[in-house]
Structure formats: structure tokens, C-alpha cells
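A closer look at the structure
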Amino acid sequence: MTNRQFASEPVTLLVPGAPAPGVPVPAPSSPVGRPPDIAARTRRNTERPGRVAEFVLVELHGTYPAETLRAALRTVTAEDSAGPAAELLWQRRVNGPEALDRVLADLGRSLVTGPRLRAVLVEHTGHDTSHGHPGDDRGRDPSSGWGNGPRLFVGIASGPLARAVGTLEELREALAHPPQPVTVPTSALQRELLHQVVGGAATDGRHVEQLSWTWHGPLDTARFTAAWQSVVDCETVLRTAFDWDEDDTDDPWMVLHEHAAPEVTRHRHDAADWEELLAADRRRGFDLRRPALLRATLVDAPPDAGEGPATRVLLTYHQAMLDGWSVRLLLRSFYRAYLAGGPLPGGERRPDLRDHARWLAGLGTEAARQFWSTRPAATAVLPLAPDPRRRGSGRARHRLTPYETVRLRGWAAAWGAGESSALQTAWALLLYRAAQADRPRHPARAVRVGFAVTVSGRGVPLDGIDRLPCALRNPLPISVRVQPGTTVPQLLAALRDGVLDLAAYEWVSPGQAHRWTPGARGQRPNSLVVLEHQPATQHHPRLESDLAAQGIRVESPVPAGTLTSYPITLCAHYDATGGLVLTTTHDRALLSDRDAAELLDQSAHLLRSFPDLPSGLGATEVLRTALAGQPAPRPGEPADAGTQHREPAAPAVRLDMLCRAARPGAGWVLLLPPPGAPDTRYPGITHGWPGPQALGVLRPAGDAPAAAAYRPVLGPLLESRAPIALVAPPGLGLTAYEIARLGAPAHPPPVVLLDEGGDLAAVAGLLGERPRRR
């Protein structure tokens, strides 16, 4: 088997050994009536012992898509149990005749113990060094067969030539009549997601989700890729793409491919900043008409990390095909494949998206329509002020410590609810507060606030639904009536029960729910609250121990936060230490960074406060007590002209907390520092503060602001029934008096003049003797 025999002339049929007697050998030129995609010539293998096993080699001169080739090869070898179609077609790159010979020799060897038929697509790289200079095609034989595209060789296992010719005819027939692609109808949720991203010019990464974690220990890229290839071969969802009519006459559909290749990219530690890489990867998005809507990016840690080799792993996927639950299921399969060196035992996972689509097709919508027709529509949602001058999306993150998370979980459990209900309760209170902020001089009124919550989509009666990777997580609208006297436990129970009511209809899309809810068209929820749903972790300990045996330790995946179709999304997940991490993503054109940050901070503050609040406090009092000194976000206020890209102006007066109250409603002692006093005016004062009142300092941003400048900070405190005292140094008595007049005339807060050496603790006792204001 020489270079000349294989590569320098268009050899299309090589029969090692003498032809069988009486068996006609196809002529080099195609007879009349035969498709001109195959020409043939016989050659004799003359190698010494140790040569490649005898096989028939054919070059097909037609051009076929790889997917068509794989389908044809699988059709011919259907009765051979040849294995996955990905192994029947190789794709190689060569730089000259010698490299081509090596590839063809490998092809022959693979037929000894493998399938009776295998093909290889060979692409010339243009760097042939066997003649002339690298990349110089002038020295290459013009009859070598290389054209503009790859060459296709088919190897047939040794045997009678007649059988090889018959196999070749079967392959030609399969190529001439490729099977129709398997299509599956999309769900209503998928159609709505696709409608938001298909055909638009936006590159903001909408509905592109990311999970990242650190891989400690050695990571072999080839083994990593082979493991994901094994997962792709076993998971229908990773070999599925979307398709649609450009004129939008029919609903989009899913196309199931025989094969897909995972995309794995590795970068040096200094190739790019991590946050920039995340943002660029989101903006890149996906070609939804190509399968494998999941990709992996590896970034090496700096060599001086101190804990041995480490790699940051990023998985990016599209929410129209997968959700977080699904990716974690796939990740388990990947770890098993990596531990096994690549192959994953077993066949395709069932149930898969075909079974889910079949189940959906058998459902009727009458009961769901009836359910949603009885749901009251929200009368208040998050106020927005679209501003096209603000561009892009924003992200912010806040974390509750493990201790705070455990306290929150225990408090919610005591009322028969979970952390998700607590998160929804905090958000409902903030929406109620925003609705009241539009009428600050009027009494608080009852409001039905509305937002969207996510359900896992896996509470439906389909066997194996918890093991099915697919886009099932679903945002559904919910509303709750909040009155000034509604207590937090009442809100908690109402939201818990509301979400439980959704369990039977988790398959309903948000668009369907909106259309079926009477009177909902004017107040569609424009904010989304998510607590990440995760599958059970019963198999993780064994995987962790098996990985540890190979010197590998992997951290828990962390979601980066997804820009959804909602102006703002509040997402919560648990980190590796048990802390609760809150992340907001928002559309800057609809919500400013300042307002989004305030909503996030106040959500976290409410969650921390819930375990300490008296259960009988109404919503208005809860907000005054827990968020005292924090202005209510008013996203509905339009931005002033010329404020694009400017930082929000600092408040004229800020409230610095020195000591928190020992109990809710204990009251406040507020210090007025003299003009020009530094922030260190009261060193060590917290150590001797007896309480139980909160102790704070009202710090003006400039010199001698007017009393009205204190209203945004003091308003919520002065309107509450908690006792308040203003403490001022001599010379600021008149200012303190004017500030005190901001409160109710019948119960103004007392003003105490105290010089620098005065006993501040006495003020606490004085305030404790005052009756609670009514």
C-alpha cells in the first residue's frame, strides 16, 4: 500500500489481494445509466507481513452532508449492531499523501473488529510538505483528487467482492433516498420563547443561561470532549434543533438529528477576563437550527493558584431546549462518562422530549382554561419607565450567610412554608410598597400585586418526568391581595397555597395563562421570582468519591443569572456553604441599575428581618420597621434629561446605623452631628449603648441642609408608631426642632440637646418611659 497507489491518482476502489474468479470488477468509467458519483479501479495490496488487513476501499465522488452520510451508514448497518452512528463516519484533516495513507490504513484496521462498513471524510489542510514549501500547492500532483471540498472514502470489511459490491449498492441507494428527519412539535412554552428570540436583531443573550464551577485536579481536554460526546450520543435533547417557516405560517418544530458534536473550547488563564468572557459568551447566543444547544468553555487557573491544577468550567445552554434541572442531570451523566474514560453504558435515555410531546398532545385544555378563568388578575405590578437611552442588561448579587439562611428556613417551616414562599413574600411586599409610593399623602390601601414565579414543570403525571432533560421550568403568573393590616404569615400562606394550586397546570405556558385570565390584559406580570429547582442529590456522594480517587474535586455549579423576557428577574440559589445567593438581572431600557440594586438590597433585608418580626405586624408596619431609612424604589418615575450613564445623585441626608434595635418597634435615637463633623464623630459609642432602641446618625451631605431634606430618610420613621428622639448638640436646637415638625403634629418626636460630654444612655431611658405613639 504505497502513497502512489492511494493518493497520486484518483483511486476509487482498492481490492487488496486478487479479485475472486468470475466476479466482474467495475470499470473505471461509469456505465450509461449509472449515477456518476462512483468510479472504480482495482489495486493489489503488496505490503509485507504486518500489513493492513484486506478490505475494499471506495471513494465516492458526490457531495453529501455529514448528517445524510451518517443516516445512510446506519441504514446499511442496521442489522449489524454496529454501535452509534457517530462511529460509522470519521472526519479527518490531512496535509498530504502520506497523512492520507495513514488515515486510510487506520480505516482498514478498524474494520477487523468493528462494523463491516465505515466511511471517512478527509479534508486537505493546504499544508502539504511532501512537495515544495508548506502551503504551496504548486508541487502537488493535479491528479491527486483534491478539490475544493473534502474527499469521501468508504471502507468495506474483507470478504467476497460480490458482497462488497452489494454493500456499496445498498449505500448508494440509502444516499439517493435519505430518511426524512424526525420532527417533534414544540410546546407552548418553547414557542413563546422562540418568538422572543427568533428574527430579532438583539444580541443581549436573552434566555441564554450559564452554569460555572471550578474543577480541581487534572482535566484532560480530549477525555472531557469524549465524555460529552458520549452524553450527546445518549441524550436526544442534545441532538435536537429547532426549525421554522420564515413566513411564520406554522408553529416552530424540533428536528431530531442522528448525530451532533459537542463544542468544547479551552483558554489560557490570561486569555480573557472572566466576566468579559461570560458576557461575550452570552452575547454570542446559539444558532437554534443546529443541534447541541449546549457548549463548554474551559479556562485554566493561573499556575500560581496554590492548590494544584484547577480549571474553571462554563456550561452555556439555551432555555428553549434545557433548564437548570436538565443540565444537572446531564452533568451527572458526563461525570460517569469521564470516569469511564469516554463511553457511557446503555442506550438513549427514555423518557425523552418525544415522550413529553406525546403526553402534551393527549392533554385537553378545558380544565386549565376553567382554572385560570377563576384566577383574579393583578391590579398592580412593578412600575416601569422605559428609557431607550439606557442600553444593555444589568446584574447584581447579594448573599445571605448560612446562619441567616438556616434562620429563614426555620422561620418559614414554622409557618408551613419554604424559602421560596419567603422570597415571594418579600417581593410582594416591595411591590405593595411601590404601589403606595405613588400616593404618599393618602392612606394606605389594599392592592392585588402580581408577578411571575417559576414551577419546575416536573409535577405532571408522566412516568420518569424527574429524569427527563428538557425545557420544562415554567414562569407562571400569581397574584396576592395585600392590605395594610395583612401580616407576613398571612402573605406567606397565601402565596404558598397559590403556588400549590398551580401544580396541576405546570404545563400551561405564561401566554396561555394570561389569555385565559379575565381582565389580565392590562396588568401582565413584569417581574419574575425564581428559586432554582434541582434534582435529588442521592448519587452525588458516590460520584464525588470516584472523582476523588482520580485526584479530582469539583465544586457545585453556580448559575450566572439569565436575562429573561421580564424586565427584572430575582433568582435565588444555594451556594456550596449553604448560603442563599440572590441575583437580579434586568433590562436597563426598562429599569435603572439604581432601582434594581435597591430592590435586591431590600429583598435581602426583608428576608433577614422576617424571623425577628412580631407575627401580628401588618404589611405597612412591617415595611416601616424593616426598611426604615431606606427609600421606596420608584421605577415608574421618568429619568431626567441628560442623565444617561450618570451615577444617581447622593441623598442630601443619609442615615448611618450604629446599633440595631433589640426588638422590632423599640424605637430610634437619632443623632444630629455638628456641621463639618467627620464620620468618626462618635467613636466607641456603640459599646456603651444600652438600647433597646436603634441608634443612628443623620449625616447631611452638605452644610446645613433645609429640614425638608430630611424627609426622604425620616418619613417612614416619623409615620410609624415607634418612639423616636432627636439628639442635637447646642447650636442645632432650632434645626432639630424644624426636623421634628416633619412628623405628626399631635406626636412630634422629642428633641434633646446634649453636649459632647453628655450621657447618651440617659436618652435611652428617657425614651423608654414615653408611651408608644398611636
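Scroll up for the structure.
Let me sum up the structure you'll find in this document. (Residues numbered from 1 in each chain as written. Predicted model: local features only at pLDDT ≥ 70, side-chain atom pairs only at ≥ 80, totals over all residues. Heavy atoms only, no water.)

Description of unusual backbone geometry
Along the chain, arginine 350 connects to proline 351 via a cis peptide bond; the corresponding omega equals 5 degrees. Its place among the elements puts proline 351 in the loop between helix 8 (324-339) and helix 9 (353-361). Positive phi values are uncommon outside glycine, yet histidine 207 reaches one of about 65 degrees. Relative to the assigned elements, histidine 207 resides in the loop between helix 5 (188-197) and strand 7 (208-216). Phi is positive for alanine 292, close to 65 degrees, though the residue is something other than glycine. With respect to the helices, strands and loops of the structure, alanine 292 is situated in the loop between helix 7 (274-284) and strand 11 (294-300). Residue class for alanine 292 comes out buried when judged on its relative accessible area of 12%. (Helix = DSSP H or I, 4+ residues; strand = E, 2+ residues; numbered from the N terminus. Buried < 20%, exposed > 50% of the residue type's maximum accessible area, 1.4 Å probe, protein only.)

Re the sheet that holds strand 16 (residues 527-531)
Here we have six strands laid out as an open sheet, ordered 13-20-19-16-14-15, and mixed in their pairing. The strands lining the two open edges of the sheet, one partner per strand, are strand 13 (393-400) and strand 15 (474-482). Neighbour-to-neighbour, the strand axes of this sheet turn through a mean angle of 25 degrees, independent of strand direction. Looking at chain direction, strand 14 (residues 447-455) and strand 16 are connected through two bridges and run parallel. (Pairing = 2+ DSSP bridges. Axes fitted to C-alpha atoms, helices over the stretch in contact; angles between N-to-C directions.)

Comments concerning the sheet that holds strand 21 (residues 653-659)
Ordered in space as 21-23-22-24-25, the five strands form an open sheet in which the pairing is mixed. Looking at which strands have only one partner, the edges of the open sheet turn out to be strand 21 and strand 25 (751-753). Geometrically, the sheet is characterised by an average inter-axis angle of 25 degrees between neighbouring strands, direction not taken into account. Here four bridges tie strand 22 (residues 668-671) to strand 24 (residues 724-728), and the two strands are oriented parallel to one another. Along strand 24, the bridge assignment pairs tryptophan 668 with isoleucine 724.

Some words on the side chain of threonine 240
Counting through the fold element by element, threonine 240 comes out in strand 8 (residues 240-243). At 2.6 Å, the side chain of threonine 240 forms a polar contact with the backbone oxygen of threonine 236. Look past the residues within four positions of threonine 240 in its chain and what remains in contact with it is Met254, Val255, Leu256, Arg290, Pro291, Ala292, Leu293, Met321 and Leu353. (Polar contact = N/O pair within 3.5 Å; in protein donor to acceptor, adjacent residues only side chain to side chain. Contact = heavy atoms within 4.5 Å.)

What to know about empty space enclosed by the protein
One pass over the structure, following the stated rule, counts eight cavities of 30 Å³ or more. If you add up the space inside the largest cavity, you get close to 150 Å³. What lines the largest cavity is a set of 13 residues, among which Pro376, Ala377, Ala378, Pro477 and Thr517 lie closest to the centre. Broken down by element, the lining of the largest cavity gets its largest block of residues, three residues, from strand 15. The class makeup of the residues in the lining of the largest cavity is eight nonpolar, four polar and one charged. Volume-wise, the second largest cavity comes out at about 80 Å³. Lining the second largest cavity are 14 residues, with Val530, Gly561, Thr562, Thr569 and Cys571 sitting closest to its centre. At the level of elements, strand 16, strand 19 (568-574) and strand 20 (580-587) are the ones that each hand at least two residues to the lining of the second largest cavity. It is strand 20 that provides the largest number of residues to the lining of the second largest cavity, a total of three residues. Its residues placed into classes, the lining of the second largest cavity shows three nonpolar, eight polar and three charged. (1 Å grid on protein atoms, 1.4 Å probe; cavity = no way out; pocket = protein on both sides within 12 Å on 5 of 7 lines; lining within 4 Å. Points joined across faces, edges and corners; volume = space filled by probe spheres on them. Nonpolar A, V, L, I, M, F, W, Y, C, P; charged D, E, K, R; others polar.)

Description of the pattern of salt bridges
When the charged atoms of two side chains lie near each other, side chains of opposite charge can form a pair. For the coordinates displayed, the defined rule picks out 34 salt bridges. The shortest N-O distance in the salt bridge between glutamate 263 and arginine 284 comes to 2.8 Å. Taken as a pair, glutamate 263 in strand 10 (residues 263-267) and arginine 284 in helix 7 lie far apart in primary sequence, 21 residues in all. Put simply, arginine 375 and aspartate 501 hold a salt bridge, and the shortest N to O gap is 3.7 Å. Residue arginine 375 is located in the loop between helix 10 (366-373) and strand 13, and its partner aspartate 501 is located in helix 13 (residues 488-501); the two are separated by 126 residues in the primary sequence. Classification of arginine 375 as buried rests on a relative accessible area of 15%. Of the residues examined, aspartate 501 reaches a relative accessible area of 40% and is grouped as partly exposed. (Salt bridge = Lys/Arg side-chain N within 4 Å of Asp/Glu carboxyl O.)

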